[in-house]
Amino acid sequence: MKHKAHSEDLGASIDMTVISVRAAQHTDAAIVSDFVHALLDELSDGKPPAKEGVIDVAEALLSGPNVIAAIAYADADPVGVMTLNECAAIYAGGKFGEISELYVRPDMRSQGVAQLLLDHAQQQAQARGWTRLEVGAPKQPDWHRTLHFYLRNGFDEVGPRLRRLA
């Protein structure tokens, strides 16, 4: 999946950057964990978990069958990541996908990167026979742009997500 993003520098047009998305492998755990750590850093106001712990979890999950990750590239430079989990629930009619993390480098936001990652998730859903994709949006109103991105892409707001640590 490829997309061309237009860049401008002081009003002058420069070469088009080719943005592409590819499925991540377990060998990409360091790239995936770097982006997830950056996401957690943003969401936690600068108090993310230790980076070493994030890479260990990424390596373990990407080695299994139920977690899928995709990496977005601008030319050959990684600029974003998305992780997708296979879940199951009676209310969902069986198996479905949940986008657990989606992060785009701040300097590459609003250039179609997140859209390509979301398109990749939709393709995975169709290939796996899932009837739905779900995502938890971060706390509002701080992250209203994120919520509106998902709403523009056909997601319905169904309420807050809650958690309790075990």
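Residues numbered from 1 in each chain as written. Predicted model: local features only at pLDDT ≥ 70, side-chain atom pairs only at ≥ 80, totals over all residues. Heavy atoms only, no water.

1. Some points on unusual backbone geometry
Here's step 1: Cis geometry marks the peptide bond from Q140 to P141, where omega comes out at 5°.
Here's step 2: Inspection of the secondary structure assignment puts P141 in the loop between β8 (133–135) and α4 (144–152).
Here's step 3: One non-glycine residue with positive phi stands out, namely S110, at about 65°.
Here's step 4: By the secondary structure assignment, S110 is in the loop between β7 (94–104) and α3 (113–128). (Helix = DSSP H or I, 4+ residues; strand = E, 2+ residues; numbered from the N terminus.)

2. Some words on the confidence of the model for the protein chain
Here's step 1: Across the protein chain, the average pLDDT comes to 90, with 91% of residues at 70 or higher.
Here's step 2: Taken as a whole, residues 6–14 scores under 50 in pLDDT and shows 7 contacts with residues more than four places along the chain or in a different chain. (pLDDT = per-residue confidence, 0-100. Contact = heavy atoms within 4.5 Å.)

3. Notes on the pattern of salt bridges
Here's step 1: Tallied over the full model, the rule gives 8 salt bridges.
Here's step 2: Taking the shortest distance from any N to any O, the salt bridge between D77 and R105 comes out at 2.8 Å. In this pair, D77 sits in strand β6 (residues 77–89) while R105 sits in the loop between β7 and α3, placing the two residues 28 residues apart along the sequence.
Here's step 3: One salt bridge connects R132 with E134, and the closest N-O pair in it is separated by 3.3 Å.
Here's step 4: With a relative accessible area of 31%, R132 lands in the partly exposed category. (Salt bridge = Lys/Arg side-chain N within 4 Å of Asp/Glu carboxyl O. Buried < 20%, exposed > 50% of the residue type's maximum accessible area, 1.4 Å probe, protein only.)

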